[in-house]
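# Coordinate analysis (summary)
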Amino acid sequence: MLARIFQPAKTAMSSGQGKTKVWILEFSPAERREVDPLMGWTSSGDTQSQVRMRFDSKEAAEAYAKDHGIEATVQEPNKRKPNIRARGYAENFAVDRRTPWTH
């Protein structure tokens, strides 16, 4: 069984970092999906591809994979650089601005 361990990225619809602290172990599909000719549904006999396990740390996910004989690759996350300004949000309303503030 092949699997990958990764830390999910934030959703495109949010600026927060919620649900990005956990590590996920996800199995790769073992067989191709097929389209049912009658209903048009996509199906597969591989039930492991539906499994996504959440762990609090990367080490816990690796330990689980090792204990259960799962060959897993770890995908390190790309961390974004923090956007921290010196004066923060108050800088927008400062009275000592050198240039006038416009939109």
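This write-up is about the structure you can find in this document. What you are looking at is a predicted structure, and each value in this text was computed from that prediction instead of being measured. (Residues numbered from 1 in each chain as written. Predicted model: local features only at pLDDT ≥ 70, side-chain atom pairs only at ≥ 80, totals over all residues. Heavy atoms only, no water.)

A few words now on the environment of Asp46. Note that Asp46 resides in the loop between strand E4 (42-43) and strand E5 (52-55). By relative accessible area, Asp46 is classed as buried at 11%. Asp46 sits 16 residues away from Ala30 along the chain, and the two C-alpha atoms are 6.3 Å apart. Apart from the residues within four sequence positions on either side, Asp46 is in contact with Ser28, Pro29, Ala30 and Glu31. (Helix = DSSP H or I, 4+ residues; strand = E, 2+ residues; numbered from the N terminus. Buried < 20%, exposed > 50% of the residue type's maximum accessible area, 1.4 Å probe, protein only. Contact = heavy atoms within 4.5 Å.)

With that settled, the discussion passes to the sheet that holds strand E1 (residues 2-6). Pairing in this open sheet of four strands is mixed, and the strands run E5-E2-E1-E6 from one edge to the other. Of all strands in the sheet, those bounded by a partner on one side alone are E5 and strand E6 (71-75). With strand direction ignored, the average angle separating the axes of adjacent strands in the sheet is 20 degrees. Where E1 lies against strand E2 (residues 23-27), four bridges are found, and the strand directions are antiparallel. In the sheet register, Ala3 faces E2, and the bridge partner there is Phe27. (Pairing = 2+ DSSP bridges. Axes fitted to C-alpha atoms, helices over the stretch in contact; angles between N-to-C directions.)

On to the pairing of E2, then. In terms of residue burial, E2 counts as a mostly covered element, since five of its five residues are buried. Neither face of E2 is exposed, since Trp23, Leu25 and Phe27 on one face and Ile24 and Glu26 on the opposite face are all buried.

It is worth spelling out the packing of aromatic side chains at this point. In total, this model carries one aromatic pair according to the counting rule given. An angle of 45 degrees between the planes, with centres 5.5 Å apart, marks the rings of Phe55 and Tyr64 as tilted. Judged by its relative accessible area of 12%, Phe55 is buried. Above the ring of Phe6, the side-chain terminus of Arg4 is found at 4.0 Å from the ring centroid. (Phe/Tyr/Trp six-rings, centres within 6.5 Å; stacked < 30°, edge-to-face > 60°. Lys NZ or Arg CZ within 6 Å of the ring centre and 35° of its normal.)

Right, let's talk about helix H1 (residues 58-67) for a bit. Those residues of H1 not exposed but buried are Lys58, Ala61 and Ala65. Along the long axis of H1, the arc covered by the buried residues comes to 65 degrees, so they all point the same way. Exposed residues pointing more than 90 degrees away from the buried face of H1 are listed as Glu59, Lys66 and Asp67. The inward-facing, buried residues of H1 abut E1, E2, E5 and E6. Positioned one or two residues after H1, Gly69 has a phi angle of 70 degrees, which is positive. (Arc of directions from axis to C-beta.)

Nonpolar side chains tend toward joint burial in soluble globular proteins. In terms of nonpolar packing, the biggest core is built from nine residues, these being Ala3, Ile5, Trp23, Leu25, Phe27, Phe55, Ala61, Ala65 and Ile70. Put simply, the parts of the chain that give this core at least two residues each are E1, E2 and H1. With three residues, E2 is the largest single contributor of residues to this core. (Core = buried A, V, L, I, M, F, W, Y, C linked by side-chain atoms within 4.5 Å.)

Looking now at a nonpolar patch on the surface. A contiguous nonpolar patch, built from Leu38, Met39 and Trp41 and spanning about 420 Å² of accessible area, is present on the exposed surface. Mapped onto the elements of the fold, Trp41 is located in the loop between strand E3 (34-35) and E4. (Patch = residues over 30% accessible without salt bridge, like charges linked within 9 Å, V, L, I, M, F, W, Y side chains within 5 Å. Areas by Shrake-Rupley, 256 points an atom, 1.4 Å probe, with all protein chains shown as cover. Salt bridge = Lys/Arg side-chain N within 4 Å of Asp/Glu carboxyl O.)

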